[in-house]
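A structural walkthrough
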Amino acid sequence: MKVKLLSLLNDSNVDLAQATSQRQLGISISAFSGEFANNLPLNLCLILDRSGSMHGEPIKNVIQAVEGLLDRLQPGDRISVVAFAGSAEVIIPNQVVQDLGNIKSQIKNKLKASGGTVIAEGLQLGITELMKGTRGAVSQAFLLTDGHGESSLRIWKWQLGPDDNKRCLEFAYKAAKLNLTVNTLGFGSNWNSDLLEKIADVGGGTLAYIEHPQQAVDEFSRLFRRIQSVGLTNAYLLLSFIPQVRLAELKPIAQVSPDTIELTVQQEADGRFAVRLGDLMQDVKRVVLVNIYLSNLPEGRQEIGQIQIRYDDPAVDRQGLLSAIAPVYADVVRTYQPNLNPQVQQSILALAKYRQTQLAEAKLQQGDLIGAATMLQTAAKTALQIGDKGAATVLQNSATRLQAGEELSQADRKKTRIVSKTILQE
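Rules used in this analysis
Residues numbered from 1 in each chain as written. Predicted model: local features only at pLDDT ≥ 70, side-chain atom pairs only at ≥ 80, totals over all residues. Heavy atoms only, no water. Pairing = 2+ DSSP bridges. Helix = DSSP H or I, 4+ residues; strand = E, 2+ residues; numbered from the N terminus. Axes fitted to C-alpha atoms, helices over the stretch in contact; angles between N-to-C directions. Expected span 1.5 Å × (residues − 1). Buried < 20%, exposed > 50% of the residue type's maximum accessible area, 1.4 Å probe, protein only. Polar contact = N/O pair within 3.5 Å; in protein donor to acceptor, adjacent residues only side chain to side chain. Contact = heavy atoms within 4.5 Å. Left-handed = near helix turned anticlockwise from the far one by under 90°. Nonpolar A, V, L, I, M, F, W, Y, C, P; charged D, E, K, R; others polar. Core = buried A, V, L, I, M, F, W, Y, C linked by side-chain atoms within 4.5 Å. Salt bridge = Lys/Arg side-chain N within 4 Å of Asp/Glu carboxyl O. Phe/Tyr/Trp six-rings, centres within 6.5 Å; stacked < 30°, edge-to-face > 60°. pLDDT = per-residue confidence, 0-100. Lys, Arg positive; Asp, Glu negative; His and termini not counted.

1. Looking at the sheet that holds strand E5 (residues 78-84)
Pairing in this open sheet of six strands is mixed, and the strands run E6-E5-E4-E7-E10-E11 from one edge to the other. Edge positions in the open sheet fall to strand E6 (88-96) and strand E11 (204-210), since each of these has one partner strand only. When strand polarity is set aside, the average angle formed by the axes of neighbouring strands in this sheet is 10°. Sheet topology note: the E5/E6 ladder contains six bridges and is antiparallel. The residue of E6 that forms the bridge with Ala83 is Glu89.

2. So, helix H3 (residues 119-130)
Along its 12 residues, H3 runs 17 Å from first to last C-alpha, staying within 8% of the 16 Å computed at 1.5 Å per residue. All of the buried residues in H3 are Ile119, Ala120, Gly122, Leu123, Gly126, Ile127, Glu129 and Leu130.

3. Examining the side chain of Thr382
Note on placement: Thr382 falls in helix H8 (residues 369-385). Residue Thr382 is classed as buried on the basis of its relative accessible area, which comes to 4%. A polar atom in the side chain of Thr382 sits 3.0 Å from the backbone oxygen of Thr378. Residues in contact with Thr382, not counting those within four places in the same chain, are Leu349, Ala352, Lys353 and Gln356.

4. What to know about the packing of helix H1 (residues 57-71) against helix H6 (residues 216-228)
Where H1 contacts H6, the axes come no closer than 8 Å and their chain directions differ by 35°. Once H1 is placed against H6, the crossing between them reads as right-handed. For the pair H1 and H6, the contacting residues are Asn61, Gln64, Ala65, Val66 and Leu69 in the first and Ala216, Val217, Phe220 and Phe224 in the second. When the residues that make up the contact of H1 with H6 are grouped by side-chain class, the tally is seven nonpolar, two polar and no charged.

5. Section: the nonpolar core
The biggest cluster of nonpolar side chains holds 38 residues, and the ones touching the most others in it are Leu46 and Phe220. The greatest single-element share of this core, amounting to seven residues, is contributed by H1.

6. Description of the pattern of salt bridges
Using the criterion set out here, one finds 21 salt bridges in the structure. Residue Asp388 pairs with Lys353 through a salt bridge whose shortest N-O separation is 2.7 Å. A residue pair is termed long-range when its members are at least 10 positions apart, and Asp388 in the loop between H8 and helix H9 (389-403) and Lys353 in helix H7 (residues 342-365) qualify at 35 residues. Each member of the pair, Asp388 together with Lys353, is buried. Connected through salt bridges with shared partners, the residues Asp194, Glu197, Asp201, Glu361, Arg417 and Lys421 form a single ionic network.

7. Focus: the packing of aromatic side chains
Enumeration according to the criterion identifies two aromatic pairs in this entry. Ring geometry for Phe142 and Phe220: centres 5.8 Å apart, planes at 80°, overall edge-to-face. A residue pair is termed long-range when its members are at least 10 positions apart, and Phe142 in strand E7 (residues 138-145) and Phe220 in helix H6 qualify at 78 residues. Assigned by exposure class, Phe142 and Phe220 land together as buried. Measuring from centroid to centroid gives 5.6 Å for Trp191 and Tyr209, while their planes differ by 55°, and the two rings are tilted. Residue Trp191 is found in the loop between strand E10 (181-187) and helix H5 (193-202), and its partner Tyr209 is found in strand E11; the two are separated by 18 residues along the sequence. When its relative accessible area of 11% is taken as the criterion, Tyr209 is described as buried.

8. Here we look at the pairing of strand E17 (residues 273-281)
Burial analysis of E17 places eight of its nine residues in the buried class, the great majority of the element. Here seven bridges tie strand E12 (residues 230-241) to E17, and the two strands are oriented antiparallel to one another. Across the sheet, Leu238 pairs through a bridge with Ala274, a residue of E17. As paired strands, strand E16 (residues 265-267) and E17 are joined by three bridges and run antiparallel to one another. Note that in E17 the partner of Gln266 across the bridge is Ala274. Here E16 folds back onto E17, and the loop between the two strands holds five residues, one of which, Gly271, carries a positive phi near 95°.

9. Overview of the confidence of the model for the protein chain
With 95% of its residues at a pLDDT of at least 70, the protein chain reaches an overall mean of 92. A low-confidence stretch, residues 151-161 (pLDDT under 50), is modelled with 13 contacts involving residues beyond four sequence positions or located in other chains.

10. Regarding the side chain of Asp313
Tracing the sequence through the fold places Asp313 in strand E19 (residues 300-313). The buried charged residue Asp313 lacks any salt bridge partner; its closest oppositely charged side chain belongs to Arg318, at an N-O distance of 7.5 Å. Side-chain polar atoms of Asp313 contact the backbone nitrogen of Ala315, separated by 3.1 Å. In this view, Asp313 contacts Met1, Gly231, Leu232, Arg318 and Leu321; residues no more than four positions away in its chain are not counted.

So, in structure tokens, the structure goes:
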């Protein structure tokens, strides 16, 4: 398994007469295999909400989705299952899949809905179980909940009891450091969008929305196909630039495909910038945008930076491998004519759709319904520009309701969040 790496500026020409020019560097990364490559062994943990609100059809559909997923596991794959409500319990310890009938029976017997929602404890146990089977495997978790984590009680300046949401994020960061990927599934319409999105973003996973219980099977199946296609793990994007090039100060790097995520950048000891990407899927492009400023470059074709991927290859049990270095070029010209790259322009619009929707949500929280509607309309137009008709429809419908003085339901807000992050496909 190897890494395919390609980088392009949104406009490769730079005006010599301009003291400073802004550019977006589009980077495409994917794993590609030889003709006879096999899927990597999976180390999967299901962290499932069994609080009282999941009683009845919801828990039945989740069990059905879990059973369908179990049937697709291959010899050598590992599974663990954690259930949480007012407390958390490991109901299937991490193990190689052998006796599926026994595993299914235990899940049916122990996944009974009752009690509150303490997500963090479930996430903590899930991480512990995953760590038992990481060697040579793709280690990912599915975290499903239909509610909010329980907040601490604050009396004046004293905070009493743990804040579940805060602890969830702490565990998400811990999972990322341990090279574990956490995917989140919001069930129904009452889950915390900000929390589940942040957990998935931090953990290098994806956020899914199960609006109706019967959609659980399809969403589990979709996420399973994603992790089954992983070829390389623990990938980092490494960037270095010449002194005349600098990163933008605010939100310099974002992923735009397959999901839109604001990425965190850190500087390594050798001066390079490092961005965690997590797992790389085979033949599925991970597209990242880097916002840079170029200043005082001499005329002519210039190498302005270099990019490289550091990654692990579980198939051969090797860590810290490095891809070939890919140089980044710009053409500094005296007579400037734009040389726009349409692929990078599409990526810029995808990121704009996400950020416009975020602004709309912020205005909605402030009670500015007209401002929110205007931003949603702008996001809908942006979605149409990139051919994302599904998102455009959802965003425009929400804008129209706000303009009519209606409130957006929790389901409407969830749909808006999901379509801002990805192109609707399945």
